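Chain by chain, the residues run as shown.
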Amino acid sequence: MTGKDAMGIIFPNFHDASLPELVDHRTTASIPFGGRYRMIDFPLSGMTGAGIRNIGVIVRENYQSLMGHLGSGREWDLSSKRGGLTIFPPFGREGGVEYRGRIQGLASVMQYLQEKRESLVVMSDCNIACDLDYRALIEAHLESGADVTAVYERAPIKEGMQNDNYTFRLDAEHFVKEVRINDYRKGMQNVSMEFYVIGRELLIAIVKEAMVRGHYNFIADVLSKNLKKYKMFGYEYTGYRARIYDMRSYFEENLRLLETGNLDALFPEERPVYTKVRDEAPVRYAIDAKVFKSMLADGCIIEGEVEHSVLFRGVRVGKGAVIKDCVIMQGTQIGPGAVLQNVVTDKNVVVGPGQHLTGAANFPVFVGKNSTVGAPPAPAATAKKE
Amino acid sequence: MKECIAMLLAGGQGSRLYALTKNVAKPAVPFGGKYRIVDFPLSNCVNSGIDTVGILTQYLPMVLNEYIGNGQPWDLDRSYGGVHILPPYQKASGSDWYRGTANAIYQNINFIERYEPKYVLILSGDHIYKMDYGKMLRYHKEKNADCSIAVIDVPPAETYRFGIMTANRNGRITRFQEKPKKTDSTLASMGIYIFTWEKLKKFLEDDEHDNTSDNDFGKNIIPRILAAKQKVYAYAFEGYWKDVGTIDSLWEANMDLLDPRVPLDVWDPDWKIYSRTAGRPPHYVGRHANVENSMVTEGCVVDGELESAVLFAGARVGRDASVRDSILMPGAIIEEGAQVSYAIIAEDAVIQKGAVVGARPEHTADLTKWGVTVVGEGVVVGAGAKVPPKAMVEKNIKAGESV
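Note that the structure is predicted; figures quoted are calculated from it, not measured.

Draft legend 1. The overall build of chain A, seen in detail. Across its full length, chain A holds 9 helices and 29 strands. In terms of overall dimensions, chain A has a C-alpha envelope of 70 × 50 × 45 Å along the principal axes. Considering chain A as a whole, with its 386 residues, one finds that 59% of them fall into the buried category. For chain A, long-range pairs separated by at least 24 residues make up 59% of all intrachain contacts whose partners lie at least 6 apart in sequence. With an accessible surface of roughly 15500 Å², chain A has 48% of that area assigned to carbon and sulfur atoms.

Draft legend 2. Geometry of the overall build of chain B. Counting secondary structure elements, chain B contains 8 helices and 31 strands. Relative to the globule expectation of 22 Å for 403 residues, the C-alpha radius of gyration of chain B, 22 Å, shows essentially globular dimensions. Expressed along its principal axes, the backbone C-alpha trace of chain B runs to roughly 65 × 50 × 45 Å. A burial count over chain B gives 59% of its 403 residues as buried. Taking as baseline every contact in chain B between residues at least 6 positions apart, the subset at least 24 positions apart corresponds to 57%. Surface accessibility of chain B: about 16700 Å² in total, with carbon and sulfur atoms responsible for 47%.

Draft legend 3. View of helix H7 (residues 217-227) of chain B. Among the residues of H7 of chain B, those classed as buried are Phe217, Gly218, Asn220, Ile221, Ile222, Ile225 and Leu226 of chain B. Following H7 of chain B by one or two positions, Lys229 of chain B adopts a phi angle in the positive range, close to 60°.

Draft legend 4. Layout of the packing of aromatic side chains. Tallying each qualifying case throughout the model produces 23 aromatic pairs over all chains. Summarising the aromatic geometry, the rings of Tyr37 of chain A and Phe267 of chain A are spaced 4.8 Å apart at their centres and angled 25° between planes, so their arrangement reads as stacked. Within this pair, whereas Tyr37 of chain A is found in strand E3 (residues 37-38), its partner Phe267 of chain A is found in the loop between helix H9 (262-266) and strand E14 (283-285), the two being separated by 230 residues in sequence. The pair formed by Tyr37 of chain A and Phe267 of chain A is uniform in burial state, with each residue classed as buried. The rings of Phe33, Tyr37, Phe42 and Phe267 of chain A are connected pair by pair, giving a single aromatic cluster. Above the plane of the ring of Tyr67 of chain B lies Arg36 of chain B, whose end atom (NZ or CZ) is 5.0 Å from the centre. Across the ring face of Phe203 of chain B, the terminal group of Lys202 of chain B is positioned such that the distance to the ring centre comes to 4.7 Å.

Draft legend 5. Up close: the environment of Leu227 of chain A. All names here are of chain A. Turning to its location among the elements, Leu227 is positioned in the loop between helix H7 (218-222) and strand E12 (232-236). For the pair Leu227 and Asp147, spaced 80 residues apart in sequence, the C-alpha to C-alpha distance is 10.0 Å. Apart from the residues within four sequence positions on either side, Leu227 is in contact with Val176, Lys177, Glu178, Val179 and Met232.

Draft legend 6. A look at the pairing of strand E22 (residues 322-328) of chain B. Residue and element names in this part refer to chain B. The buried fraction of E22 is high, at 6 of 7 residues. Strand direction decides the pairing type here: E22 and strand E24 (residues 339-341), joined by 3 bridges, are parallel. Across the sheet, the residue bridging to Ser322 is Gln339, located in E24.

Draft legend 7. Focus on the sheet that holds strand E19 (residues 310-311) of chain A. Pairing is mixed in the open sheet, where 11 strands are placed in the order E28(A)-E25(A)-E22(A)-E19(A)-E16(A)-E16(B)-E19(B)-E21(B)-E23(B)-E26(B)-E29(B). At either end of the open sheet lies a strand with only one pairing partner, and these are strand E28 (365-367) of chain A together with strand E29 (380-381) of chain B.

Draft legend 8. A look at the packing of helix H6 (residues 197-208) of chain B against H7 of chain B. All names here are of chain B. Relative to each other, H6 and H7 sit at 115°, their axes nearing to 10 Å. The hand of the H6/H7 crossing is right-handed. Packed against H6, whose contacting residues are Leu200, Phe203, Leu204, Asp206 and Asp207, the element H7 presents Phe217, Asn220, Ile221, Arg224 and Ile225 at the interface. Among the residues forming the contact of H6 with H7, the class breakdown is 6 nonpolar, 1 polar and 3 charged.

What counts, and at which threshold
- Residues numbered from 1 in each chain as written.
- Chains lettered and ligands numbered in written order.
- Predicted model: local features only at pLDDT ≥ 70, side-chain atom pairs only at ≥ 80, totals over all residues.
- Heavy atoms only, no water.
- Helix = DSSP H or I, 4+ residues; strand = E, 2+ residues; numbered from the N terminus.
- Buried < 20%, exposed > 50% of the residue type's maximum accessible area, 1.4 Å probe, protein only.
- Contact = heavy atoms within 4.5 Å.
- Areas by Shrake-Rupley, 256 points an atom, 1.4 Å probe, with all protein chains shown as cover.
- Rg over C-alpha atoms; globule rule 2.2 N^0.38 Å.
- Phe/Tyr/Trp six-rings, centres within 6.5 Å; stacked < 30°, edge-to-face > 60°.
- Lys NZ or Arg CZ within 6 Å of the ring centre and 35° of its normal.
- Pairing = 2+ DSSP bridges.
- Axes fitted to C-alpha atoms, helices over the stretch in contact; angles between N-to-C directions.
- Left-handed = near helix turned anticlockwise from the far one by under 90°.
- Nonpolar A, V, L, I, M, F, W, Y, C, P; charged D, E, K, R; others polar.

Below, the structure is given as structure tokens:
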């Protein structure tokens, strides 16, 4: 069984509400993660890697950066005459929230769902970066004989997740017996990762039925209330995962990639993660550079010190600057002599020479997109001085 | 129709690169951390506004074919024009290998004429440089030339290695000497020509009918066109240009990327060098690493010492290992405690624990025996083994062995 008999649906906007700073100009799907990726790269690469050829992305708002990132879908091999990537922009009213809940989102693409031929639909949100084997997931779904399969992890409910989680009570055969909404219990729980597999015809029927009843939430309004009618199988994911639910988790999950083995776990060679190519040159380390326990994407030029940090593409670190425990997004320029610790900078930030910025380990300082901190440095550091 | 199309000569074996061209043609040899040599002329074409390129291949073309593919990474996947691989092919009148660079173009006259170009740019696939061919084309048109040859000033001591042009004050070339022992001029041909197509076509046809000709641009076409008193002009290029046809020059050109005084800059956003990349995660530098004056790219993992090193995608350097003045091609692995100096480690080669490869010149008693060491593709140098400077290693070396 390959993914050829399944189509994919991705929801880029769910969970936007818990990440206000990061989604100011973007969707959860387009949040940069891991030095050169965006969150949507993980479900998109996972699905296409499993052979899924048709993927629909149902967006709600703020989707310009997402459109720019996805383009025609070529990087994921989705630029194809047969099937491929379809992006559904929000329909309807100007400015306002375009749909509430998964059901309404799916209803808005009903025609797309109806004209496809695949017998299964795989659905994913974009708040978790993981190495989910969608092929194994589909196989488990078919083997279980369930109507719906939901992926879950064994994990505690962290403080930041308390207003945005579902947990499952499972029977011995791993079928879901009860769904709890915004669970608050301590200790390890079966926390939903909100990846689902469901028959396409069944999904269409469920959405139609729910719409006429004014039910918009796939789990809370429909599945959790009909667990006898729709058998829901729980599929446990045990691999590496990074769940982003607030600024702190964003910061910590980026830095956690620096611990031994984690990069290989999230990016196994047999299941590559694809992203938009930017044709950056390799990283240039100058003569006085000092770098420890960090990951750096291409296009960076390092003249200062970097320790325990994640640097995205095209970051410049000037002479004598010190970057420690930081997440520095694409195109940021750190001026000479600046000192940053526990800082997250969004894209294209400029930190002037000699500036000091310090956050706490549990509360990083966040510098918004395109901001300038202090006086901007003289012309940006270049690799070659002529 | 297209005003100007480019023909890139990529058929050469590059035999002086020995182990590095055992499985690939010279233009496909990795360069500069994430590129292959051919990326430079191809990116120059696109950045110069030339969107039609024929690549003439002959020697081991598989890697190059796969690499070029549909040309998308260079923006050369066009509905009219774009990049085309042109191997020798069978015709009704028979088939033939490319006998020389001129013959290779001659055999593809049909391809060129499909685009009805006014000018044809002839390039070779073994040089590293950034050049705006658009400027050269404007020069060619201003001079109303039949042929323009890009030239670069070389030190008098090096003229014997090049084709040397003598030009008058207006830039018109009056004399051409191939690798002269003695000459007054220092203008070396860069192997970059713009021809007015109808002229070139005529000279290609004449050359083809000359049984004594080697059908080579430098040896035959240029002397022939000069002898016929055609308007041949020298286009002076200033900037970085290097022939990377030998182990030493390939090594030097890579090291030039690390030298702030050398004007070879791949970080310039206004003249990007494009390449087809594997798409690996960002590189990781471990807690024991010390990285100075080096280039490192995606997929690398470094926990040792790098000083003046160029690492390609997926290269790994273990703890307490050191890599100095060296190049690690894609997937090369340097295990814990190994030492690599003045060396090129080819794709997927493994230098096992504690092995020593190459040496610094100052640590070599007899400098005549010193040089860049090469470890060939996929070769394993066993733990604790020693490989001397200037060695060319094409077979595995057992643990503890000294070559």
